[in-house]
Amino acid sequence: MMDNEHEVQTGNLFSEDTPKMPEGYYSGDKPNLNLPAFVEQHIKSRPYSTNEDYGIDSFSEPINAQREYDIFNMHAYWSKKAHEAIEQYIEHYTQPGDLVLDQFCGSGGTALSALSLGRKAIAIDRSPAATFISNGFCSSTDLPKLNEEYARLMQKVSSPISELYNSNCHICGSKAIIHYQVYSMTFQCLKCLRKTPLARCTPVDNSSNAYYCPYCGDIIKTSQEKTGYQLIET
Ligand SMILES: [Zn+2]
Ligand SMILES: [Zn+2]
């Protein structure tokens, strides 16, 4: 969870004290009973008329967004979108203090982006998994408390499960603990017919879909049918 490469974040992502999301979390088909009051309070603070001319042009800028960062990698919900991309839409269509509604919220990326840009947010989804993840994703966390809980959990589970990770050092043979294992796809060379893990082959170029066979030097393409996986590092 924590290592030296990642600095521990401190402080609150959502700075102001005003409610930014309706109080409470309800999964599946249960309605959030706090939603009407939340919307009424918002309308009171930002009166709005249906006659008002919204008058914002469509957002049509090309979007280039990073997809490899800690918050994005926090969970593996399918179809999640990069926050940088969502933020560009929110900044184009809304002002700070506006209310952003995502009625098919998935893992809550739109709500999180809205909150981090000083907007309020309502996130709704029929899937209990989606609302569960969104709730965790959009709630601020007491980090010292979280780290304390990790330590407590680690202490509780480490002795019953640690024997599952016992191994021997492949260099000196003494007792060791497995930290990770690397598996590589294996392919059969069409010329010499020997099977080899891809991790042992040198790529032909940067495109990483063609490799040299380490035995005969012929080319192995990743479009070929793979023959399986092999443990290559532990
Ligand atoms: Zn050793
Ligand atoms: Zn070969």
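Residues numbered from 1 in each chain as written. Chains lettered and ligands numbered in written order. Predicted model: local features only at pLDDT ≥ 70, side-chain atom pairs only at ≥ 80, totals over all residues. Heavy atoms only, no water.

Caption draft 1: Seen up close, the side chain of Thr 94. Note that Thr 94 resides in the loop between helix H2 (83-93) and strand E1 (99-102). With a relative accessible area of 13%, Thr 94 lands in the buried category. Within the local environment of Thr 94, its side chain forms a polar contact with the backbone oxygen of Ile 90, the two atoms lying 2.6 Å apart. Once you skip the residues sitting within four places of it in the chain, Thr 94 turns out to touch Val 100 and Arg 119. (Helix = DSSP H or I, 4+ residues; strand = E, 2+ residues; numbered from the N terminus. Buried < 20%, exposed > 50% of the residue type's maximum accessible area, 1.4 Å probe, protein only. Polar contact = N/O pair within 3.5 Å; in protein donor to acceptor, adjacent residues only side chain to side chain. Contact = heavy atoms within 4.5 Å.)

Caption draft 2: Layout of the pattern of salt bridges. Counting across every chain of the model gives three salt bridges. Glu 149 is the partner of Lys 145 in a salt bridge, and the nearest nitrogen-oxygen pair spans 3.5 Å. Taken together, the residues span about one helical turn, with Lys 145 and Glu 149 both in helix H5 (residues 143-162) at a distance of four residues. Overall, Lys 145 belongs to the partly exposed group, its relative accessible area being 42%. Owing to a relative accessible area of 30%, Glu 149 belongs among the partly exposed residues under this scheme. Its salt-bridge partner being Glu 149, residue Arg 152 comes within 2.9 Å of it at the nearest N-O pair. (Salt bridge = Lys/Arg side-chain N within 4 Å of Asp/Glu carboxyl O.)

Caption draft 3: Representation of the packing of H2 against helix H3 (residues 109-116). One can describe the packing of H2 onto H3 by two numbers: an axis separation of 9 Å at closest approach and a directional angle of 60°. With respect to H3, the axis of H2 lies oblique. For H2 against H3, the interelement crossing comes out right-handed. For the pair H2 and H3, contact is made by His 83, Ile 86, Glu 87 and Ile 90 and by Gly 109, Thr 110, Leu 112, Ser 113, Ala 114 and Ser 116, respectively. Its residues assigned to classes, the contact of H2 with H3 comprises four nonpolar, five polar and one charged. (Axes fitted to C-alpha atoms, helices over the stretch in contact; angles between N-to-C directions. Parallel < 35°, antiparallel > 145°, perpendicular 65-115°, else oblique. Left-handed = near helix turned anticlockwise from the far one by under 90°. Nonpolar A, V, L, I, M, F, W, Y, C, P; charged D, E, K, R; others polar.)

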